[in-house]
Protein chains: 2
Amino acid sequence: MGKPTSPWQVPGDRERRRELKRDAVILAAARAFRERGYHNTSLDDIAALLHVTKPTLYYYVSNKEQMLFECFREGLGRVASACGEARGAQASGRERLVEVVRGYAEAITSDFGWCMVRAEDQDLSPAMGARIKKLKSGIDQEMRALVRQGITDGSIGHCDPKMTAFALAGALNWIAHWYRDDASLSAAEIAERFVELFVNGLAPRPSGVTSGKSP
Amino acid sequence: MGKPTSPWQVPGDRERRRELKRDAVILAAARAFRERGYHNTSLDDIAALLHVTKPTLYYYVSNKEQMLFECFREGLGRVASACGEARGAQASGRERLVEVVRGYAEAITSDFGWCMVRAEDQDLSPAMGARIKKLKSGIDQEMRALVRQGITDGSIGHCDPKMTAFALAGALNWIAHWYRDDASLSAAEIAERFVELFVNGLAPRPSGVTSGKSP
């Protein structure tokens, strides 16, 4: 049994409800953009999905461009959280990187994955494009730093940190292109297969030397 | 000294010249689409780049959509050639796959790379979209088959062929997203770093067990 709900407004409720509604707007937009494409979706479409009027949407976002940006930021925020958790962990560079790969796969298979990958290409204003580029670059730098850390602590073999981060991000971002048509695996299952490939490589390893789970 | 050129038309010349001109049209289109985006490029823009009139373009392609398709096909044709060469080679599955990765990197860093990666998202007609999807699927199937072959001949360790092909193609396709802004490495150099990562993995290998070059 939960607490009895009060018909009187509790302080902070208003802000929380606004937050919940804003999240619902962003989620509806992400789903619509993913389904029909950004250019083929109007604010009217999104309003209709939520059974509200267009002016109601303007209470949460100022235009369609900002809506795409918020979707992008929501998706990338999940990757950033994974990076933050990895930073705080007592683990090798490789283990931390593997945690980021797992969080990235979760984010990219979410409703926000399409926006994360396509936002930059949607003819946004130069200012908006620059903000998106900067956020993406931040994630890229975090991944490179983890690769460098792994090389230093011996958990990652000699490699080019920049190309390694690009290859990882590319493989992960591309999930958004095929996941809509083929969602036969969960995010966690995809992540495990990617981790296995990235950690152990294609070449067979002498038995007992492998696994993405132990350093 | 070359052969003296004849002012009379040699049989076959007409076809060859038409072919050369058609190639020039497709290349100009690929560069314009990559530079400005597909939706922001008109046939007039492409005609202007070639110093011809728009009706001249219609001698080679029937519309802008077909132009994008031809750019896409040109880029993917290069990957298909690499697959064809790999098929004919006396080599392990892994060596063949590595050759495809090299050819793929060459194709994706070419002027056609942008069209290869973005063509499917450009709101083409359903028929055109289906043709592009089919060609892409062919390459995907070739890559999966090489992974399976490598597992069978022992050159590739146990893995999921589909996810492995998706990860490889994703990392390779993503090159088109960053290569325009950062072309500090050649296609061959990028390919070597990717091959090193995919073949050997991030985890350090006991010395003497590695390399993407020998089976």
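Cut-off values and rules
- Residues numbered from 1 in each chain as written.
- Chains lettered and ligands numbered in written order.
- Predicted model: local features only at pLDDT ≥ 70, side-chain atom pairs only at ≥ 80, totals over all residues.
- Helix = DSSP H or I, 4+ residues; strand = E, 2+ residues; numbered from the N terminus.
- Buried ≥ 20, exposed ≤ 12 C-beta atoms within 10 Å, placed from the backbone.
- Contact = placed C-beta atoms within 7 Å.
- Least-squares fit on C-alpha atoms with pLDDT ≥ 70 in both.
- Core = buried A, V, L, I, M, F, W, Y, C linked by C-beta atoms within 7 Å.
- pLDDT = per-residue confidence, 0-100.
- Axes fitted to C-alpha atoms, helices over the stretch in contact; angles between N-to-C directions.
- Parallel < 35°, antiparallel > 145°, perpendicular 65-115°, else oblique.
- Nonpolar A, V, L, I, M, F, W, Y, C, P; charged D, E, K, R; others polar.
- Expected span 1.5 Å × (residues − 1).

Caption draft 1: Fine view of the overall build of chain A. From N to C terminus, chain A includes 9 helices and 0 strands. Helices and strands appear in chain A in the N-to-C order α-α-α-α-α-α-α-α-α. When the backbone C-alpha atoms are referred to their principal axes, chain A occupies close to 65 × 50 × 35 Å. Burial analysis of chain A (215 residues in total) assigns 42% to the buried set. Here the analysis covers contacts within chain A between residues at least 6 apart in sequence; of these, 69% occur between residues at least 24 apart.

Caption draft 2: Summary view of the relation of the copies chain B and chain A. Mapping chain B onto chain A calls for a rotation angle of 180° and an axial translation of 0.0 Å; the resulting RMSD is 0.0 Å. Both copies of the chain, as the preceding transformation shows, are related through a two-fold rotation axis. In terms of proximity to the rotation axis, the leading residue of chain B is Gly 201 of chain B, whose C-alpha is 1.9 Å off the axis. Mapped onto chain A, 100% of the interface residues of chain B again fall at the interface, so both copies present the same surface.

Caption draft 3: Quick peek at the nonpolar core. Formed by 126 residues in total, the largest nonpolar core has its most connected members in Val 101 and Phe 194 of chain A together with Val 101 and Phe 194 of chain B. If we skip the residues at most four places from it in the chain, Val 101 of chain A touches Leu 168, Leu 172, Ala 191, Phe 194, Val 195 and Phe 198 of chain A.

Caption draft 4: Molecular detail of the interface of chain B and chain A. On the chain A side, the residues contacting the 35 residues of chain B number 35 residues. A per-element tally of the side of chain B that touches chain A places helix H8 (residues 161-178) of chain B first, with 11 residues.

Caption draft 5: How the structure looks around unusual backbone geometry. One non-glycine residue, His 51 of chain A, lies in positive phi territory at about 55°. If you trace the backbone, His 51 of chain A turns up in the loop between helix H2 (43-49) and helix H3 (54-57).

Caption draft 6: Local environment of the confidence of the model for chain A. All names here are of chain A. The predicted model of chain A has a mean per-residue pLDDT of 89, with 91% of residues at 70 or higher. When the criterion is pLDDT under 50, residues 211-215 qualifies, and its contacts beyond four places in sequence or with other chains add up to 9 contacts. Predicted complex, confidence summary: ipTM 0.87, pTM 0.88.

Caption draft 7: Focus on the environment of Glu 65 of chain B. Residues and elements named next belong to chain B. Summarising the element assignment, Glu 65 is placed in helix H4 (residues 64-88). For Glu 65 and Asp 123, which are 58 residues apart along the polypeptide, the C-alpha to C-alpha distance reads 9.5 Å. Filtering out sequence-adjacent residues up to four positions away, Glu 65 remains in contact with Leu 124, Ser 125 and Met 128.

Caption draft 8: Representation of the packing of helix H8 (residues 161-178) of chain A against H8 of chain B in the model. Where H8 of chain A contacts H8 of chain B, the axes come no closer than 7 Å and their chain directions differ by 105°. When the axis of H8 of chain A is compared with that of H8 of chain B, the two are roughly perpendicular. Together, Phe 166, Ala 167, Ala 169, Gly 170, Ala 171, Asn 173, Trp 174, Ile 175 and Trp 178 of chain A of H8 of chain A and Phe 166, Ala 167, Ala 169, Gly 170, Ala 171, Asn 173, Trp 174, Ile 175 and Trp 178 of chain B of H8 of chain B make up the contact between the two elements. Considered class by class, the residues forming the contact of H8 of chain A with H8 of chain B number 14 nonpolar, 4 polar and no charged.

Caption draft 9: Inspection of H8 of chain B at higher detail. When the terminal C-alpha atoms of H8 of chain B are compared, their 26 Å separation across 18 residues agrees well with the 26 Å that a helix rising 1.5 Å per residue should span. Most of H8 of chain B sits inside the fold, with 15 of its 18 residues counted as buried.

Caption draft 10: Looking closely at the packing of H8 of chain A against helix H9 (residues 187-200) of chain B. Where H8 of chain A contacts H9 of chain B, the axes come no closer than 10 Å and their chain directions differ by 70°. Considering their axes alone, H8 of chain A and H9 of chain B lie roughly perpendicular with respect to each other. Every residue of H9 of chain B that contacts H8 of chain A at Met 163, Thr 164 and Ala 167 of chain A is listed here: Ile 190, Arg 193, Phe 194 and Leu 197 of chain B.

Caption draft 11: Structural context of the environment of Met 143 of chain B. Residues and elements named next belong to chain B. Tracing the chain through its elements places Met 143 in helix H7 (residues 126-153). Since 26 C-beta atoms lie within 10 Å of it, Met 143 is described here as buried. Met 143 sits 76 residues away from Met 67 along the chain, and the two C-alpha atoms are 27 Å apart. Apart from the residues within four sequence positions on either side, Met 143 is in contact with Leu 97, Val 100, Ala 165, Leu 168 and Ala 169.

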